[in-house]
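Here is what each chain is made of, one letter per residue.
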Amino acid sequence: MDSHLFKFWWGETLDTKDRKLHLLGWDILCSPKAEGGLGFRKAELNNLAMLARNAWRILENPNCMLATAKYFPRTDFLNASVLLNDSVSRLPDEAQCLFVTIMWSLWTSRNNLIFQNLKENHVAVLARARDMLLTRKPCLIVSPNTSVSLCDKWMPPSFGWIKCNTDGAYDDITGANGAGYMMRDFSSKASFCASLVFEVKSSEEAEARAIWAVLKKTLEQMLTHIIVESDAKSLIDHFSASLFDGDSRTGAILKDIQFFSSKLVACVFNFQPRVCNYVAHELVQWTKTNNTSMYWFVPPVWLLPTVEGIISLFDDLKKKKKVSASRWSGALTSTTGGFLNYSSVP
């Protein structure tokens, strides 16, 4: 609409080859006359004004015919929900929210193209939908008084969130220790995993180091909405209650965890049993056996069965080969692939 108006004003036809010199910008022409413009109305702003006028009219007079007969015959303006067709309305609430935000983002992209001649690709459309969903969706709050459902298998996070499974272990006799974590999104795709060696003196310190490492990595990758899952119940309970005090060895680590989590838009600490945290457990066992730190952009080959949830098959293969879990993982180290580098972590 705007393009037709300014073509008419400058004496152009609808022919794309008919171009005249535009002596003033359209924004200036749409300014009020008192500010040097001609008072033309932008179609987009005029449309928004008309919609706002109708909304105000309905709010002022909820029983008017416009509200009761045309738009909201069964509910009121403030409590009305988005009208979806049958196939969409059968989706879970979360999927409906995702559908609506993507449609909204597509409409915004269409308006940007028409009114601002701004072309956007699908990545920009999905990124805007994600930001909208995270802004409008209430954050999950976990506290000691909130009951957290325990699962019998690993479950992916909601759209826009990253779930980080962590684990740590320490052998009181040999002193062997390890920490591990894996980061996965709503599609269950693993984006990063690590096996780490630290100078620790207890299992609790190893567990805290694992959480410390994954939160540090999330800040480096500029992530915003994080769920940290661990089978260290005492630590998770303390973090969920905003308690970050420790002893002489863990105090500084816990304060760092508090600082890292405060830098995120949302950070949830969630306890889950070992069966839901088996991937991080396997990463820890690999670290204890090899006594080295390793980082992967994609899960190593020996971890894929666990990531995909085929733990029983993994166990059967180990039994057939009659080797321990550590020897099994060590035998496949040469074919891991996808690793970034390895080094001892101070």
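Everything here concerns the structure above.
Predicted, not measured: the structure shown is a model, and the values here were computed from it.

Draft legend 1. Here's a closer look at the environment of F244. Checked against the element boundaries, F244 lands in the loop between α9 (233–240) and α10 (251–262). Residues F244 and F259 lie 15 residues apart in sequence; the distance between their C-alpha atoms is 9.8 Å. Among all residues touching F244, those that are not within four sequence positions of it are F239, G251, L254, K255, I257, Q258 and S261.

Draft legend 2. Quick look at helix α11 (residues 278–290). Between its terminal C-alpha atoms α11 stretches 18 Å, which fits the 18 Å expected from 13 residues at 1.5 Å a residue. Taken as a whole, α11 has its buried residues at V279, A280, H281, E282, L283, V284, W286 and T287. A positive phi of about 50 degrees marks N291, the residue just after α11.

Draft legend 3. Spotlight on the pairing of strand β1 (residues 162–170). Where burial is concerned, most of β1 is hidden: 9 out of the 9 residues are buried. Alternating positions in β1 separate into two faces, I162, C164, T166, G168 and Y170 on one and K163, N165, D167 and A169 on the other, with burial throughout. Strand direction decides the pairing type here: β1 and strand β4 (residues 225–230), joined by 4 bridges, are parallel. Following the sheet pairing, I162 is matched in β4 by I226. Two elements, β1 and strand β2 (residues 177–184), share 8 bridges in a ladder whose sense is antiparallel. The residue of β2 that forms the bridge with C164 is M183. Adjacent in sequence and paired antiparallel, β1 and β2 are bridged by 6 residues, among which G175 carries a positive phi angle near 80 degrees.

Draft legend 4. Geometry of the pattern of salt bridges. In this structure the tally under the stated criterion is 8 salt bridges. Between R274 and D231 there is a salt bridge, and its shortest N-O distance comes to 2.8 Å. One end of the pair, R274, is in the loop between β5 (266–271) and α11; the other, D231, is in the loop between β4 and α9, with 43 residues separating them in the sequence. For R274, a relative accessible area of 37% gives the class partly exposed. A single network of salt bridges, built from pairs that share partners, joins K216, K217 and E220.

About the thresholds
- Residues numbered from 1 in each chain as written.
- Predicted model: local features only at pLDDT ≥ 70, side-chain atom pairs only at ≥ 80, totals over all residues.
- Heavy atoms only, no water.
- Helix = DSSP H or I, 4+ residues; strand = E, 2+ residues; numbered from the N terminus.
- Contact = heavy atoms within 4.5 Å.
- Expected span 1.5 Å × (residues − 1).
- Buried < 20%, exposed > 50% of the residue type's maximum accessible area, 1.4 Å probe, protein only.
- Pairing = 2+ DSSP bridges.
- Salt bridge = Lys/Arg side-chain N within 4 Å of Asp/Glu carboxyl O.

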